[in-house]
Amino acid sequence: LRTGDVTGSWEVEQDGSPTFVNDLAVGPHGDVYVTDSMRPVLYRIDGRERRTTGTEPLTPVVSFEGTAFTYDQEINANGIVVSRDGRYAIVAKPPTSELFRVGLTDGSVERVDLGDDAVAGDGLLLDGRRLYAVEWTTGAPGIATVRLDRDLGSGTVVSRTLDASFDDPTTAARAGHSLLVVNSQFATR
């Protein structure tokens, strides 16, 4: 950050199939996890190898093929967060309003049980067991707040925050006690 120099570069290996690197999350040990909305994999950049001399390939760490996370839409894996202990990631699939818990050590993939509720998360923010999911693909764009259980495998939507100024809210970040929300404007040229 002091110099502005690029210290590492990674890219998806080109094999002729479409790819859309969408979101990333940094784990507690510095590993970076990256979603691909077109290819059914989760990539990882090892926290100990975050400096490159050239461009390195992104390494798949979890395959979604044959799991509950089916790739059937134009946009699939989108927002991602990693648990404090680094054991799990939560990944959003907005077109089907689903969240998935992904085991980062064992490759397990399970749909997060929200009962009768659904969350079309784009950007995600995890604060302990409280998940903030920014939704813009729903009829009323806003932020869904989900209280997750201890193993992050199920949860309850406890609130939805809507605002007339939201156009296409896509992600959020914490700043002290506040959430900063990116209010994209996809229809504006």
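Before reading on, note that the structure itself is shown above.
Residues numbered from 1 in each chain as written. Predicted model: local features only at pLDDT ≥ 70, side-chain atom pairs only at ≥ 80, totals over all residues. Heavy atoms only, no water.

Draft legend 1. Spotlight on the sheet that holds strand 11 (residues 124-127). Pairing is antiparallel in the open sheet, where 4 strands are placed in the order 11-12-13-14. Whereas interior strands pair on both sides, the edge strands pair on one side only; in this sheet they are strand 11 and strand 14 (155-162). For this sheet the average axis-to-axis angle between neighbouring strands, irrespective of direction, equals 20°. For strand 13 (residues 142-148) and strand 14, the ladder comprises 7 bridges, and the chain directions are antiparallel. Bridging from a neighbouring strand, Gly142 pairs with Leu162 of strand 14. (Pairing = 2+ DSSP bridges. Helix = DSSP H or I, 4+ residues; strand = E, 2+ residues; numbered from the N terminus. Axes fitted to C-alpha atoms, helices over the stretch in contact; angles between N-to-C directions.)

Draft legend 2. Unusual backbone geometry, seen in detail. A positive phi angle, close to 55°, is found at Ser97, a residue other than glycine. Its place among the elements puts Ser97 in the loop between strand 8 (88-93) and strand 9 (98-103). With a phi close to 65°, Leu152 is a non-glycine residue in the positive phi region. Within the element layout of this structure, Leu152 appears in the loop between strand 13 and strand 14. You can call Leu152 buried: its relative accessible area is 6%. (Buried < 20%, exposed > 50% of the residue type's maximum accessible area, 1.4 Å probe, protein only.)

Draft legend 3. View of the environment of Thr170. Here Thr170 shows up in strand 15 (residues 168-175). Since its relative accessible area comes to 11%, Thr170 is described here as buried. Distance from Thr170 to Arg44, taken between C-alpha atoms, is 23 Å for residues 126 residues apart in sequence. Apart from the residues lying within four places of it in its own chain, the contact partners of Thr170 are Asp122, Gly123, Val134, Trp136, Val182, Ser184 and Phe186. (Contact = heavy atoms within 4.5 Å.)

Draft legend 4. Broad picture of the nonpolar core. Judged by nonpolar contacts, the single largest core of 17 residues is most densely connected at Ile90, Leu99, Val119, Leu124, Leu131, Val146 and Leu148. If you look at the next biggest cluster of nonpolar residues, it comprises 15 residues, including Phe64, Phe69, Val82 and Ala89. (Core = buried A, V, L, I, M, F, W, Y, C linked by side-chain atoms within 4.5 Å.)

Draft legend 5. Quick look at the pairing of strand 4 (residues 41-45). With respect to burial, strand 4 is a largely interior element, 4 of its 5 residues being buried. Sheet topology note: the strand 3 (residues 32-36)/strand 4 ladder contains 4 bridges and is antiparallel. From the neighbouring strand, Val34 faces strand 4, where its bridge partner is Tyr43. Sheet topology note: the strand 4/strand 6 (residues 59-63) ladder contains 4 bridges and is antiparallel. When the sheet's bridge partners are listed, Arg44 is paired in strand 6 with Thr59.

Draft legend 6. How the structure looks around the pattern of salt bridges. A full pass over the atoms with the stated rule returns 10 salt bridges. The shortest N-O distance in the salt bridge between Arg101 and Glu110 comes to 3.2 Å. Residue classification places Glu110 among the partly exposed residues on the basis of a relative accessible area of 41%. (Salt bridge = Lys/Arg side-chain N within 4 Å of Asp/Glu carboxyl O.)

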